Amino acid sequence: MLIKKESDMNKTETSNSSTVPAASPFVLASLPYAESALEPVITAHTIGFHYGKHHKGYVDNLNKLVAGTEYAELSLEKIIAATAGQAEKAPIFNNAAQIWNHTFYWNSMKPKGGGEPPAALKQRMEAAFGSVDACKKELAGTAVSQFGSGWAWLVLDGDKLKIVKTANADTPLTTGLKPLLTVDVWEHAYYLDYQNRRADYVTALLDKLINWEFALQNIG
Ligand code: FE2
């Protein structure tokens, strides 16, 4: 998945004029559904803050951090790769990775999701975990057990499905794993709706919102 930048035309216009402030190169990707579309599992209230404030905040922060730097012209994926593991670049990495992770998260859910995965994904789940339920159970357990803020992921490790968790802004992109879907377990993802009941949020998301088709598309 690529995060789009603003159009070249816009950037050219900006670069041709010294009086126009630099255009913000990164844009907040549109939600793939209405803010209320995931109710009642995740309310529009939560999405309004999560997407409209948190996700947007990462985009605004990154644009400020990279303006005029060597990173300004890079793709989000390249910024993440170039700054991972470097303490002095942590603010850039954190905001870039959080933009990517959140866009991926929105696409990992859909209204009326959950249910039976497509056959091709189901076969891979059975091969790796024994059953779809075992895969979901491991994903839920991983999401619930992530200490503090972070993410639970279904990934492809070589040609095998695997479940991993990452802390804070970390993403499997930096460890050679191919993300297939993710669950955000930062408190901002569920606290307004579920308070401290993270397990209830994760279970409801996996049963009613998870977008198995998106995971299959990402296998490619
Ligand atoms: Fe989040």
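Relevant structure appears above.
Residues numbered from 1 in each chain as written. Predicted model: local features only at pLDDT ≥ 70, side-chain atom pairs only at ≥ 80, totals over all residues.

Asker: Sorry if this is basic, but what is going on with the overall build of the protein here?
Answerer: Of regular secondary structure, the protein possesses nine helices and three strands. Secondary structure elements in the protein, listed N-terminal to C-terminal, are α-α-α-α-α-α-β-β-β-α-α-α. In the protein, which comprises 220 residues, the share counted as buried stands at 35%. Restricting to contacts in the protein with at least 6 residues of sequence separation, those with at least 24 account for 64%. (Helix = DSSP H or I, 4+ residues; strand = E, 2+ residues; numbered from the N terminus. Buried ≥ 20, exposed ≤ 12 C-beta atoms within 10 Å, placed from the backbone. Contact = placed C-beta atoms within 7 Å.)

Asker: In this structure, what is going on with the sheet that holds strand β3 (residues 178–184)? I would like to understand it.
Answerer: In a beta sheet, neighbouring strands pair by backbone hydrogen bonds and run either parallel or antiparallel. The three strands lie next to each other as β2-β1-β3, forming an open sheet whose pairing is antiparallel. The open sheet has two edge strands, β2 (160–167) and β3, and neither has a second partner. Adjacent strand axes in the sheet meet at a mean angle of 25 degrees when their direction is disregarded. Relative to β3, strand β1 (residues 150–157) runs antiparallel, the two sharing six bridges. For Val 155, the partnering residue across the bridge sits in β3 and is Pro 179. (Pairing = 2+ DSSP bridges. Axes fitted to C-alpha atoms, helices over the stretch in contact; angles between N-to-C directions.)

Asker: Please clarify how the pairing of β1 should be interpreted in this entry.
Answerer: For a regular strand, side chains alternate in direction, first toward one face of the sheet and then toward the other. Burial of β1 is extensive: six of the eight residues sit out of reach of the surface. Note: β1 against β2, eight bridges, orientation antiparallel. Residue pairing for β2: Leu 156 is matched across the bridge by Leu 161. As consecutive antiparallel partners, β1 and β2 are separated by two residues, and within that stretch Gly 158 has a phi angle of approximately 70 degrees, a positive value.

Asker: Sorry if this is basic, but what is going on with the environment of Asp 159 here?
Answerer: Inspection of the secondary structure assignment puts Asp 159 in the loop between β1 and β2. For Asp 159, a count of 10 C-beta atoms within 10 Å translates into the label exposed. Each C-alpha atom of the pair Asp 159 and Ile 219 lies 9.0 Å from the other, and the pair is 60 residues apart in sequence.

Asker: What's the story with the packing of helix α2 (residues 44–66) against helix α4 (residues 90–107) in this structure? I'm lost.
Answerer: Each pair of packed helices can be described by the angle between their axes along with the distance between the axes. One can describe the packing of α2 onto α4 by two numbers: an axis separation of 9 Å at closest approach and a directional angle of 140 degrees. One element, α2, and the other, α4, form an angle in the oblique class. When the axes of α2 and α4 are compared, the crossing they make is left-handed. Where α2 approaches α4, its residues His 55, Tyr 58, Val 59, Asn 61, Leu 62, Leu 65 and Val 66 are matched on the opposing element by Pro 91, Ile 92, Asn 95, Ala 96, Gln 98, Ile 99 and His 102. (Parallel < 35°, antiparallel > 145°, perpendicular 65-115°, else oblique. Left-handed = near helix turned anticlockwise from the far one by under 90°.)

Asker: How do you make sense of the packing of helix α5 (residues 119–129) against helix α6 (residues 132–145) when you look at a structure like this?
Answerer: Interhelical geometry of α5 versus α6 gives an angle of 70 degrees and a closest axis separation of 8 Å. Classed by the angle they form, the pair α5 and α6 counts as roughly perpendicular. Residues Lys 122, Met 125 and Phe 129 of α5 lie in contact with α6, whose contacting residues are Val 132, Ala 134, Cys 135 and Glu 138. Of the residues belonging to the contact of α5 with α6, the class tally is five nonpolar, no polar and two charged. (Nonpolar A, V, L, I, M, F, W, Y, C, P; charged D, E, K, R; others polar.)

Asker: Could you clarify how one ought to interpret the environment of Leu 161 in this entry?
Answerer: Position of Leu 161 among the secondary structure elements: in strand β2. We classify Leu 161 as partly exposed; it has 19 C-beta atoms within 10 Å. Separated by 32 residues in sequence, Leu 161 and Phe 129 place their C-alpha atoms 8.3 Å apart. Residues within four places of Leu 161 in sequence aside, it is in contact with Arg 124, Met 125, Ala 128, Leu 154 and Leu 156.

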